[in-house]
Each structure stands twice: as C-alpha cells, then as structure tokens.
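Structural overview
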Amino acid sequence: MATYSDLRFVDEERQKFRRCSSRLLSLVPETGGEHRQELNSVLDELNSLDYSISDLVDQDPNRLLSKACVLVPLQDELLVTKVCQLIVIITHQKVTLSKSTVETLLEYIIAATKHSQPWALPETLRALGAVVYENGTKCNKFLDRLLSRRPEGLLLYLSGSSDTNIKRAALQCIGNLCMRCNDGSVIDTDYLKVSLSVMLSVLQKPKPTGCEDYEHYRILLSALRGLQNVLAASKEVHHDQLGALLAAMKGYMLYGLPGIGTAIHVPSTLYPSSFFQYDIGASPPAKSTAAAMDQGVSLRPGGGGSKPGSTPKASSKKSKKKKSKSRQGDREEQGAAQDGDSYGGDKTAGTPSTTTPSATGAQEGEHSASLEVPSLWPAWGRVSSSESEYSDTEGGQAAKMRSATSKIRQAALACLHATVKNTEKRVVFGYWSAFIPDAPPGKGHPHAQTLFTSMLKDPAPKVRVGSVVVLGSFLDGSKQFLAAADDRIQNRPAFTPFSSILASTIKEIHRCLLLALVAETFSTTITQLIKCLSILVQNVPYHKLSEGLLTRIIKAIKPFFTHKDNNVRTACLTCMGAILANNPPLPEITSILQTADLPMTSASQQGGGSSWRPRSEADQVLDWRKGTRSEADDVKNQVKDEGTDRNVEPSLNALNIQDSSPRQGTSADVSGGLGAGKVHDSGAEMDVEEKAAGGADDGVIPWVVKWCGNVVLDDEEAATDGSHTDRSQSSSSHEALPVKLEALQVLTQLVKGYFPTIRHILNHLCGIIISCLQDKDGSIKLHGLKVLEEFGKGMLHYGKSDQPSPDAPPDVLLESEEVVAIWTKLLSGPLPGILQQQENSLLQASGCDCISTIGPQALQLLKNDKQILCITLLLGLSNDEDYRVKASAVRALGVYVLYPCLREDVMFVADSANAILDSLKDNSVNVRMRAAWSLGNLSDALIANKEAGDTAFMDEFADMLLHKLLEAATKGAGDHDKVKSNAVRAVGMLIEYAGPQALAKPGFQTLLENAIQALVKNITTGAVKVRWNACYAIGNVYRNTHLDLGGAPWSAEVYRALTGVIRDCKNFKVRINGALALSIPDRRCCYGDTEQFCMIWGSLTHALEVIDQIADVSELKYRDTLRDQICMTMIHLCTMIASEDLLSLQKIIRNKEEMLTKNIVRYREAKLRQLGTDYVLDLDSASSHLKELHTSMDTAHTDTISIVVCLQEIFNRFTNSPCVTNRQSIDFP
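Residues numbered from 1 in each chain as written. Predicted model: local features only at pLDDT ≥ 70, side-chain atom pairs only at ≥ 80, totals over all residues. Heavy atoms only, no water.

**Here's the deal with the overall build of the protein chain**
- Regarding its fold elements, the protein chain presents 57 helices and zero strands.
- Taking the contacts inside the protein chain whose residues are at least 6 apart along the sequence as the reference set, 77% of them involve residues at least 24 apart.
- Accessible surface for the protein chain amounts to roughly 51,700 Å². Of this, 50% is attributable to carbon and sulfur atoms. (Helix = DSSP H or I, 4+ residues; strand = E, 2+ residues; numbered from the N terminus. Contact = heavy atoms within 4.5 Å. Areas by Shrake-Rupley, 256 points an atom, 1.4 Å probe, with all protein chains shown as cover.)

What follows is the structure, given as structure tokens:
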C-alpha cells in the first residue's frame, strides 16, 4: 500500500511535468544567452523526472517534442543531445506519435546526426531508434535517406563505422525500422532485404583488430536482434539468402561454448544436402574440400568436427560463483520458464523503472526476457543487467563475458527458429544434415556441431530451451519426408539407401533427446524436451522401424509423471497421447499397455541406496555443464527447487538406441512412480474407479488407465474406496485442470487405437466416464464425452454381429448384453441430464455424438423407455437454436435411420425426414452439411426397405414427403461443396426409390428433370468429390426400371456428360464412377440409338488408350481399378451389341485390337486371382452373346462378320468357349 509520502511524491512529479511542459511550449525561438539558459533548465528538469510513474506524460507528446525541435538550433550540440534524451524518454512511455510528428522529429534528428561531433552521435542515434520504433511505415519519406544503397543511406554508412558505439546504435536503428507497426504494416520488402544484408554482413565479418571482446559481442547481439525483427516482418524476405542466413545461425548458435570458442569463421553460405533435397531447384555449384575447410564449417551432411581457428578452453578449474544476482537476472530465468511455450513471438514492450536516464552507452548489456523478444529499447528505460552489475574481479568479468555470449547464442537460435518456421518444409528438409546428425559420434570421430551440441552442452538453460524449440520446428510437419525411413531391410546392399539414412537420423534424434532429458534439471527445458518428443512421435513412421524407440520414450518420461510442475506433467501426458495416436497401432505399444505397472528404467536406484555404475554419457553432459556453468549458476537456487528429486541414474542402458530389446531390471525413482505402489490382488483393495463402475473387471488394469484415472478422479471419490490411496505416487490430491484434460485425451486415444487392450476393463472405464460427466467443471465433462464417444465407437466396432469386424480377434468381440449393460448404466446416469442442459450447447452437441454410437443391436435390446429417451432427445435437439447442437442431433438421426429396428418404422423415418428438411434450410453451412449427410443415409434406408420387399413401408411412406425430399436434395446440389457431395448422393437414391405411382404424380416429372440437370452440372464441373458422387448418383438413377432411359429428353445429355469425364477428367475416381454408371443399364434400348451407343464405346476405348498418361502421381494407385472398371463396362456393353451397331463399332476398334486384348487379359487375370476360379462369368456371357450374334448373321455380310470375329478374338481369347475362327482370317475392308 502506498504511503502518504509516496502519493505526495507522485503528485509533485506530475505537477513538475505540467509546469515544465507549459514553460517549454510557451517559449519562442530566440538567440541569446538568457533564452539558451532557460531552455537548458527546462530540458534538464524534464529529463530528470521519474517516468516510472504511470500516466506521467498527460500532455500532448506530439506538440511537446515538435516544439523542442523548433526551439533548439542544430549548432548547439549540448542542447541537441538533451533534446534527443527527451525524445527517447517520452517515446518510451508508450505514447503514439502522429505521422507528421514522426516526420518532424526525423528531419531534425537526421540533420543533427549529419552535423554532430562523434561524441554526440550515440545520443542522436538513440533518439532516431526511439522515433522509428514500430513507426517504420510512417517514415516512408526518409527510407531512401536512411537505407538506400546508392547513394548510401545514413544508417548504412554509420553501420560501417569503426566506432563500436556508433555502429551498434546504427544497427539498432535499422532493426527498429524493420519492426511491424501496431496496425501490422511493415516497410517495403526492398528495404527489408537491404537490412537483412547489412545484418548478415556484420555477422560474417571477423572481429576488427583492436576491438574489445565485450564490445564486439554487443555489436553481434544488436545485429542478431535486428535480424529477428526483419524475419518477423516478412516471411519471404530471407528466401534469396537462405543459405547465408543458415550458415550464420549455425555458427552463432554455438558461439562461445567451451571447445568451440569465439574465433569462428562464418561461411558465405550453406548448401543443402543432395540426399535431403525435394525438388528445390537447381543444385548449387560444388565446392572443393579445400574451400570448405577454409570456410571453417563443414558443408557435408552431418556437419563436421570443430572449426579451424576455434580456441577451445582447456581449463579444468570450476567456474567461480557469481555474486548476488540482480533482480533482472531473476526475472529473466522466470521469464524463460513462463515464455518457453511461446518461443518465436514478435515483440513485447519494456517497462521503465529508472529515475534518471543514462547518457552513456545505450542498451548496455541489455537482454530480452525471453528468446522471442527482440528488445531494442534503450537501457535506461528498463531494468537491465549492465556491466555495472558485475564485479571488477576476474570472476566477475568472466561471468559478464559468458552472459554476453549466451545471449548471442540465444538470439541466434531465435533467428534460426523464425527462419525454419517461415520457410517451406521441403526446402528446410534439404538442410537437415547441417543441424541434425544422422549417426552417433564414433571413436576417433569428433562430435558434429549440431543443435544437439547446444541442447546437451550449453550451460545456459534458456539457450537449451531455444535449441529444443528449434529442433521442434524442424520436426513439425516433416511426416511426409520421414515416411521414407525404413530400417527393416534384411539384405543390406553395397550402398546405403536413403531410407536407411533417414532411419539412422531418426534414431539419433531419439537418442540425443532422451539423453538431454535424462541430464536436464531446468523445468522449462524439460517441458520443451517432452513437447519436442511429442512432435517427433507425430511425424515418425514407427511401423517401418525396428521396435524399441517408443518403449524408451515411455521409460524416459516416466520419472516426470510425478514432477511438481504442472507444465511438465501436462507435457508427459501430451507425449503419451501422441504415442497412442500413432497410426497404425503398434504391437510394441500393445505389449507395454498390457502391464499393470508403469515401465521402469533399468538400473535406477532409490535415493538412499548406493551402487557403483559405469559413467554414462549423461554424466559427461552434466560434467560439461558444471565445468562452465555461467547462467546455470545464475539460476542455481531456482533450478534446485524446480527439478524433481529423481536421480539421473537410470543411465542410458535402458535408453540405448543401439539395443532394440527392452531390458529387465528393478526400478524405482525417488517419488515411487506410478506402479511403484502395490499391484492389487483380486479380493484385496479395489481401485476407486472400479468402485465407481460398480464392480471390478476380470482383466488387469493397464498402468495408463490407472494413472489417468487417478489424475482425473478427486480425493472424495478415492475416499469411498475405504482404502488408503497414496496419491503422492500418482498425482496431487487436487490435480490442475490442464493435467486432467490431457489425461482424458490420453484415455481418448487409448480407447480409439487400442480398444482390445481395455476390452476386459469396460466397467472400470465406464466408471471413470461417469465420474467425469458428474464433475462440476464443464471442460471435464466435455473431455469425458469425447472419451465416451470413442468408447461407443469401439464397442460398436468390436461388438458381435452378423458381420463382425475382420480385424477383431474372437476373444475381443463383445456380447450384445455387455454393451447394453454399459449403455443402460450411462443412460441411467448423468448423460440424459447433459443432453437437456441448455446452458451448455457444446456438451449437448457432444452428447448427441455419443448416443449416436450406441449401435443397432444395442439400441434394439435396450429397454423401451431408454429407446424412446434417445429418440425423443434427438428429435427435440434437432430443432435447437444453437447450430452445433442442431448439427450433431440431425447427424445422429442420420445414423439411427439406418438401424434395421428403426428404418422399418414409418413414423420415425417420417419424423427424421421432417427434421432433416428443416435443417437443410438452416443458415449455418455446418448444419446443412450434416443434414445433407443424413438425407443421404435416409435415402439409403429407403432403398434398403425397397430391396427387402417391405411393401407395407413403401405403401405407408407418403409420396408427398418423397417429393419434398427430392426437391430439398436438388436444391442442396446447388449449395456449398460440403453440402453438394451428399445432396447429389441423395438425389440419385431418391430417384431410384421412386415408384410408378410417385412418378405419375403431377409435377414430379418436372422435378425429375431439374434433379437430373443438377446431377449433370455436378458431373461436369465442381469439386472432385462432388463430381464422383454425381457420377455414382446417375448410376443409381439408371437402376430405376420405371424410367425411360433411352427415350427421355435428358438421356442424351447425361450420356454426353459421362463419356466426357471418362475421356478427359484428370481425376481417376471420377472416371471410375463414370464408367461404373455406364455399366448399370441392363437393356440395349436404355443406351439410345446406334450413334449414342458407339459414342460410349469410343469414349471407353479412348480412356484405355490414355490410361497410362497420369498428370498427378497420386492418381497412380487408382489406375488398375480404372482399367478394370472400363473393361467391365465394355464387357457389359458387349453383351448388348446389336447387328445394326457393328459397322459403326468397326470404325472405333480398327487398329486397336491389340491394345484392347492386352487390357482385357489383364482384367481377366486380376479377376481370376480375386475370385479363385478358372473362368470369368461376364467374359463368358459376352462370348456367348457374340457367338449367338455370329451364328444368326447372314454369311453374305462379310463386313459385319469380320467385326464380330474381331470382337470374339478380343473378348473370347482366354475363356472356356472356343473361338469361331482364328485371327488370321480377319481382314478389314
């Protein structure tokens, strides 16, 4: 609470500012000593005020600063410097400068800079940097004067100054100019490129002779922070200089590390590895080995050894401890812990807290509070660690140097992160080998200088965090490239295939990340490491790699399940969820999940135990850091408190990538870990979840379910067990909400991918779900519903039925009674209440998704009141005002309408149809999309009843309702693409369902023609999915035998549309469905006259001719299917050839017999393999028809006989029927 004296001081300062401002504004430009003395006094008073007081600047800053520039002549350099100080102070108070004020100030400052003596230049440049900060686009008039190359701009000229203070201030000005304005605008790209080149040239040049190390560090830091601003301003500006930028960042990300030193030589560029390139353009010119060595950085894949010219430190003495840290040092470490997740942001503004501006050394020793903060504010305006905070002793100076180099590494990693994030993934992949090793270091081979060098050996925690985040940006989105990795090759070829190189790289990433995790003690870095593992897991094709990698990850994160930091525990669960989400499900994970206890790392010892073990690589990493601790010493006390009590002694035996077999051994960490407690015997203690579920299951509860259940459930529930539960071994008594939500997501992935594993603990899981649905927190309920949705899908997939899932083992299949019992428990519990909870629409929508997974058999066996409850709730919620609830409810009705027990109920189908019709009129495209999908399902149900011969249903289903449904579907066929794809499907089936009575209704023929026109339009244009669904819908139309397919006015247009897509469409799935539709009509008259019939033959023949011309490689997998479908359609048409068609067909197949025969042979062989028979029925039918046609023909018609013989040769050659004549007798006229 502020005291009276504090309030009085604040009031006095405000009064002083108002008085001084008024005095300054009242002055007029004059010459003379008295006027100068008054002006000097006013400026001194203004500059001496305590600007840490909030809202001290309550006057218009634009008038004040503009007036000061008018009053002070450029010749008076002392007053000019004081005006510059005032500009810096005022602009730092987060005031907004108008464009006119910015231009006035810049005009004055630029002129002052040109006329100033060298001693005044730093002050004028500080003012220039303060004015242009986040005002770059307001300076467009001056950009040429500041950044042009010819003539050389002022800042470019000063950036080459030999005076380190001037050079550093000029670089800061350039960086501030490149920052985004508050409205998101940035300066022109050309100026950004110039700024990028300036920063890179500073980074590429060696330290000037005579320049002190510390001053050089500050210049490098200013250049790197300016580079951050440039990269944050534009995502494309660095593309032309990507190689040079990456080369610089690779050098500076390890700058000053022991064994590497600061005497580095940055190469002019870095070239991508030929192994990792993905069509990124022409390869760069090759460089000789000698040239690469001269550059000091190896350009070969995997980096190289230490750089020539480096000066490794060989001192074995331990670093001296620093003196007491400044408050800013503490804030920096806390900032790293808080901002680790948001690495790579744009900017933050500092807060002034000093009372007197410093006239010496702008931004002395400044450093950002987190990696992503390109802080270019002057040092006087924020709490900073300057050289005054370090003692003059040798140890103090060494600490200052270490701090400076660590900030350089931190800034370099921030730039690298921005570069990787803003570059196309396929381009970045070409540079992987420069930053990520592809094999562990061997004996006699030095460690490659990569990101893992920083991650494992950098003593600064924030730098280690940065290296982990950069690695995550490399890995993120790399799934399509890593998919080529494969180490399952048994017979190794003489060369190393790219798949093996990728697999080796992936293994090395695993090895190093796990090594870093074992050695790490800083909680923020631990969190980022585990998050990086999650990203890695999401992108690696583990099904192509040898087993063991995921097992080691689980064992490595095991000690952190009990970490006291919520972020660490949340990250562990996220990683576990990523492992479980890996598709396809892996046997390795299945075997791990089937254990009751959490897998332990081998050779781990409890805290008090003593045992000898060989020194591991983790120990060497820790020794390296301890030998040169620097920033780690700065946060020593904090790190002690933040780490877990675990030993690092689960040495890397259990994590060794080289050994793929999991090792056995005792394990226990200090916390005991999950599963370090007791394994419950039957009849002994029963877990709280079993109690909630109403009984224990027969199977052993997997450790993942135990852990997540303990995290989710509260102590009150645990108390109902009547037994003592040691929550310290699993989670805190009241777990943080993010941890609970992640635990539920883990359960969701477990149920989704590994349902057989939890098959025997369904009641246990049901109890956990019910507990979540009863929770007071809405987010817990929502995630519990997500678990329930996957739970329901799993029971539906593995339920015993007439057609069980082919991938389900018999012992996993569920009896219908089991499923009914679980759903009865859920529907008798909190689920109906959630569905009626109108204040939370998200829960209602998720509840609808859940009850849509009940399944036909379970719903039929549920008690009548439960069935009515589900149906009534869904019909009611389909009229809800919230679009999410409405969409989910109408989708659930679309699921239910296909259930045999409901699709035969005319009343339910009619009610569902009316709900769907209402939803199709909704304003939300999401609702209309779900309604169109449900309309397609309802149409399927109508067809199923028709095919089943349910005449009672067909008589009772109103033709008027059918008319409304077809009208709505036709309208939907012209809606959004997401609606069209299902609307056209419904149109085809509704027309197929229409009987003669409905077709005879007034107005139905007009509606029918409109519907067909809508299908034709969607066949020829639109999204690919819509087009192939429209083709399929036409096939359904052709199945209605009550339509005059050959004589209808729309018939010719439909055939032209189908033949057009078969000939010309680039998408093979559209062509497949078009060919399929042409094979549906079963009578010759349906295909129209001879000209139309032969047009269809011609399109099919042309499609076979060009089938190998593939525009998109992704279509290659559909080529054989397309060939088979075209051949099937041609064989079908062959069974309908009439004698009057033969002469026209002769022109189509002339000179194409060999091509047709080859494709028919391929089709026949594929069919024989598929059917396992020695003949193909449709080919025999075609052959028989041709034989009959040949027999019935007059021998005088030699032209028609020759074409029949040719067709017999094509379609009869490998059938059981004999050929009428041999190929030699065929002679076309």
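**Topic: the confidence of the model for the protein chain**
- Averaged over every residue, the pLDDT of the protein chain is 80; the share at 70 or more is 77%.
- For residues 601-616, every residue scores under 50 in pLDDT, and the model assigns this stretch 38 contacts once sequence neighbours within four places are set aside. (pLDDT = per-residue confidence, 0-100.)

**A few points about the pattern of salt bridges**
- Counted according to the given criterion, the structure contains 32 salt bridges.
- Its salt-bridge partner being Glu520, residue Arg464 comes within 2.8 Å of it at the nearest N-O pair. Of this pair, Arg464 sits in helix α19 (residues 461-475) while Glu520 sits in the loop between α21 (498-519) and α22 (523-539), placing them 56 residues apart in sequence.
- When its relative accessible area of 1% is taken as the criterion, Arg464 is described as buried.
- Among the ionic pairs, Lys1152 bridges to Glu1105, the shortest N-O distance being 3.4 Å. (Salt bridge = Lys/Arg side-chain N within 4 Å of Asp/Glu carboxyl O. Buried < 20%, exposed > 50% of the residue type's maximum accessible area, 1.4 Å probe, protein only.)

**Quick word on the environment of Leu46**
- Along the chain, Leu46 turns up in helix α2 (residues 33-48).
- Using a relative accessible area of 0% as the deciding quantity, one classes Leu46 as buried.
- A C-alpha to C-alpha distance of 9.6 Å links Leu46 and Ile90, two positions 44 residues apart in sequence.
- Setting aside chain neighbours within four positions, we find Leu46 in contact with Phe17, Cys20, Ser21, Leu24, Tyr51 and Leu86.

**Concerning the state of the cysteines**
- Applying the stated rule across the entire model yields zero disulfides.
- You can see Cys84 has no disulfide; the closest cysteine sulfur is in Cys69, sitting 7.9 Å from it.
- Taking relative accessible area as the criterion, Cys84 reaches 0% and is therefore assigned buried. (Disulfide = S-S within 2.5 Å.)

**With respect to unusual backbone geometry**
- In this structure, the amide linkage connecting Arg150 to the following residue, Pro151, adopts the cis form with an omega of -5 degrees.
- For Pro151, the position within the fold is in the loop between α7 (143-147) and α8 (154-158).
- In this model, Asn583 is joined to Pro584 through a cis peptide bond whose omega is 5 degrees.
- Topologically, Pro584 is positioned in the loop between α24 (566-580) and α25 (587-593).
- Positive phi is not limited to glycine here, since Lys94 has a value of about 60 degrees.
- Mapped onto the fold, Lys94 is located in the loop between α4 (77-91) and α5 (99-115).
- In this structure, Asn1151 takes a positive phi of about 65 degrees despite not being glycine.
- In this fold, Asn1151 is placed in the loop between α54 (1142-1149) and α55 (1153-1171).

**Topic: helix α15 (residues 394-421)**
- The first and last C-alpha atoms of α15 sit 41 Å apart over 28 residues, in line with the 40 Å expected at 1.5 Å per residue.
- For α15, a buried count of 22 out of 28 residues is recorded, marking the element as mostly surrounded by other parts of the structure. (Expected span 1.5 Å × (residues − 1).)

**Thoughts on the side chain of Ser1051**
- Along the chain, Ser1051 turns up in helix α50 (residues 1051-1064).
- Take Ser1051: its relative accessible area is 1%, and that puts it in the buried class.
- At 2.4 Å, the side chain of Ser1051 forms a polar contact with the backbone oxygen of Leu1045.
- Ignoring anything within four residues of it in the chain, the contact list for Ser1051 reads Leu1045, Gly1046, Cys1086 and Gln1092. (Polar contact = N/O pair within 3.5 Å; in protein donor to acceptor, adjacent residues only side chain to side chain.)

**Observations regarding the packing of helix α51 (residues 1068-1078) against helix α53 (residues 1119-1134)**
- For the pair α51 and α53, the least separation of the axes is 9 Å and the interaxial angle reads 15 degrees. Relative to α53, the element α51 is oriented roughly parallel. Between α51 and α53 lies a crossing whose hand is left-handed. Contacts from Phe1068, Arg1071, Ile1072, Ala1075, Leu1076 and Leu1078 in α51 reach Arg1119, Thr1121, Leu1122, Gln1125, Ile1126, Thr1129, His1132 and Leu1133 in α53. (Axes fitted to C-alpha atoms, helices over the stretch in contact; angles between N-to-C directions. Parallel < 35°, antiparallel > 145°, perpendicular 65-115°, else oblique. Left-handed = near helix turned anticlockwise from the far one by under 90°.)

**Examining the environment of Gln1208**
- Turning to its location among the elements, Gln1208 is positioned in helix α57 (residues 1198-1212).
- For Gln1208 and Ser1183, which are 25 residues apart along the polypeptide, the C-alpha to C-alpha distance reads 6.5 Å.

**Concerning the packing of aromatic side chains**
- Scanning all chains against the criterion turns up 17 aromatic pairs.
- A connected cluster of aromatic rings, assembled from ring pairs, spans Tyr1038, Tyr1055, Tyr1087 and Phe1093.
- We note Arg891 situated over the ring of Trp933; from NZ or CZ to the ring centre the distance is 5.3 Å.
- Between the NZ or CZ atom of Lys1069 and the centre of the ring of Trp1028, over which it lies, the distance is 4.0 Å. (Phe/Tyr/Trp six-rings, centres within 6.5 Å; stacked < 30°, edge-to-face > 60°. Lys NZ or Arg CZ within 6 Å of the ring centre and 35° of its normal.)

**Considering the packing of helix α40 (residues 883-896) against helix α43 (residues 925-947)**
- Here α40 crosses α43 at 10 degrees, and the two axes come no closer than 8 Å. Comparing their axes, α43 and α40 come out roughly parallel. Contacts from Tyr883, Lys886, Ala887, Ser888, Val890, Arg891, Gly894 and Val895 of α40 reach α43 at Asn926, Val927, Arg930, Ala931, Trp933, Ser934 and Asn937.
- Residues belonging to the contact of α40 with α43 are distributed by class as follows: seven nonpolar, five polar and three charged. (Nonpolar A, V, L, I, M, F, W, Y, C, P; charged D, E, K, R; others polar.)

**What to know about the nonpolar core**
- By size, the foremost hydrophobic cluster in this structure holds 351 residues, and its most contacted members are Tyr896 and Phe1211.
- Residue contributions to this core peak at 11 residues, all from helix α11 (residues 213-233).
- Apart from residues lying up to four places away in sequence, Tyr896 is in contact with Ile851, Ser852, Ile854, Leu859, Cys870, Ile871, Leu874, Leu902 and Phe908. (Core = buried A, V, L, I, M, F, W, Y, C linked by side-chain atoms within 4.5 Å.)

**Concerning the environment of Lys564**
- Summarising the element assignment, Lys564 is placed in the loop between α23 (549-557) and α24.
- Of the residues examined, Lys564 reaches a relative accessible area of 60% and is grouped as exposed.

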